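# Per-entry structural report
The lines below spell out each chain.
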Amino acid sequence: MAMFRSLVASAQQRQPPAGPAGGDSGLEAQFSCPICLEVYHRPVAIGSCGHTFCGECLQPCLQVPSPLCPLCRLPFDPKKVDKASHVEKQLSSYKAPCRGCNKKVTLAKMRVHISSCLKVQEQMANCPKFVPVVPTSQPIPSNIPNRSTFACPYCGARNLDQQELVKHCVESHRSDPNRVVCPICSAMPWGDPSYKSANFLQHLLHRHKFSYDTFVDYSIDEEAAFQAALALSLSEN
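Right, let's walk through the structure included here. Throughout, residues of each chain are indexed from 1 in the direction in which the sequence is written. Where local features are concerned, this predicted model is filtered to residues with pLDDT of at least 70; where side-chain atom pairs are given and counted, the filter is 80 or more; whole-chain, interface and lining totals use all residues. The basis for every side-chain value is the complete set of heavy atoms in the structure, and neither hydrogens nor water enter the calculation.

Let us now look at the pattern of salt bridges. Put simply, a salt bridge is a Lys or Arg side-chain nitrogen that is within 4 Å of an Asp or Glu carboxyl oxygen. One pass over the structure, following the stated rule, counts three salt bridges. When the shortest N-O distance is used, the salt bridge between Arg99 and Glu28 registers 2.5 Å. Placement of the pair is Arg99 in the loop between strand E4 (95-97) and strand E5 (104-106) and Glu28 in helix H2 (residues 27-30), with a sequence separation of 71 residues. Each residue gets one of three labels from its accessible area relative to the maximum for its type: buried under 20%, exposed over 50%, partly exposed in between, using a 1.4 Å probe on protein chains only. Given a relative accessible area of 38%, Arg99 falls into the partly exposed group. On the basis of relative accessible area, Glu28 is assigned to the buried category, the value being 13%. Note that Glu38 and Arg99 form a salt bridge whose closest N and O atoms lie 3.2 Å from each other. Pair noted here: Glu38 is in the loop between H2 and strand E1 (43-46) and Arg99 is in the loop between E4 and E5, with a separation of 61 residues, a long-range link. Its relative accessible area of 27% is what places Glu38 among the partly exposed residues. Going along the chain from the N terminus, every DSSP run of H or I of four or more residues is numbered as a helix, and every run of E of two or more is numbered as a strand.

Next up, the structure:
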């Protein structure tokens, strides 16, 4: 119960003040939507946490199965999002200076005024232009290692998919003592092309027995038969 009271008190503290205690200069910020950063337009409030947003800004959050408040990330019931009538009344009651011409305008009309204020438009025109980031240094797709087929690190046999590589190494290299680099791991973005596995065959059986990209369900009998064949091959080593 104490935690619930604390949550309610915290939500109330985050609400816009009842009056222009901070003066005219801070009013626009106090009544700005946390999403679009403009003065509220048709504001709505989330019932559980009390946070207020423009109705249009909050709309995308209402389209997901389990919405979270964009500000505090607490889950909320979309059916308990109501029109913030008290905020609308405050928007109609308070005036604040335009950020461009300093003319005092009712907060409810601030958006319309800013869209036509020449001073604001001039400020926006002088803002730094967007500059695209430098071209990526990542390799182009044609240079990305092939992650579908691999070469045997023991004998160099090529064009083996993941399961074929496992089968090939079990059948042909069970007694090979050489330490080799796993071609599957080294083809991944996180792979280390210089790391040599101490027991490559065991590594294959534990990490790469199935290809998860093309995984299909095996029946219980097929899986049991596969496991038995692998166990037999290892016992013969």
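Once you've had a look at it, read on.
This part takes up the nonpolar core. Residues enter a nonpolar core if they are buried and are Ala, Val, Leu, Ile, Met, Phe, Trp, Tyr or Cys, with the set joined through side-chain atoms within 4.5 Å. Counting 28 residues, the largest nonpolar core has Phe31, Tyr40, Ile46, Leu58, Leu91, Leu107 and Met110 as its most contacted members. Among the elements of the structure, E1, strand E2 (52-54), helix H4 (85-93) and helix H5 (110-116) are those that each provide at least two residues to this core. The element that contributes the greatest number of residues to this core is E1, accounting for three residues. Contacts were defined at the residue level, with two residues in contact if any of their heavy atoms lie within 4.5 Å. For Met110, the contacting residues outside a window of four places in its chain are Glu28, Val39, Ala96, Pro97, Cys98 and Val105. Val180, Cys182, Ile184 and Phe200 belong to the second-largest nonpolar core, a separate cluster that totals 17 residues.

Before going further, it helps to examine unusual backbone geometry. Unlike most non-glycine residues, Leu37 shows phi in positive territory, near 65 degrees. Within the secondary structure, Leu37 is located in the loop between H2 and E1. For Leu37, a relative accessible area of 61% puts it in the exposed group. One non-glycine residue, Asn102, lies in positive phi territory at about 70 degrees. By secondary structure assignment, the location of Asn102 is in the loop between E4 and E5.

Everything listed is a geometric property; what it means functionally is a separate question.
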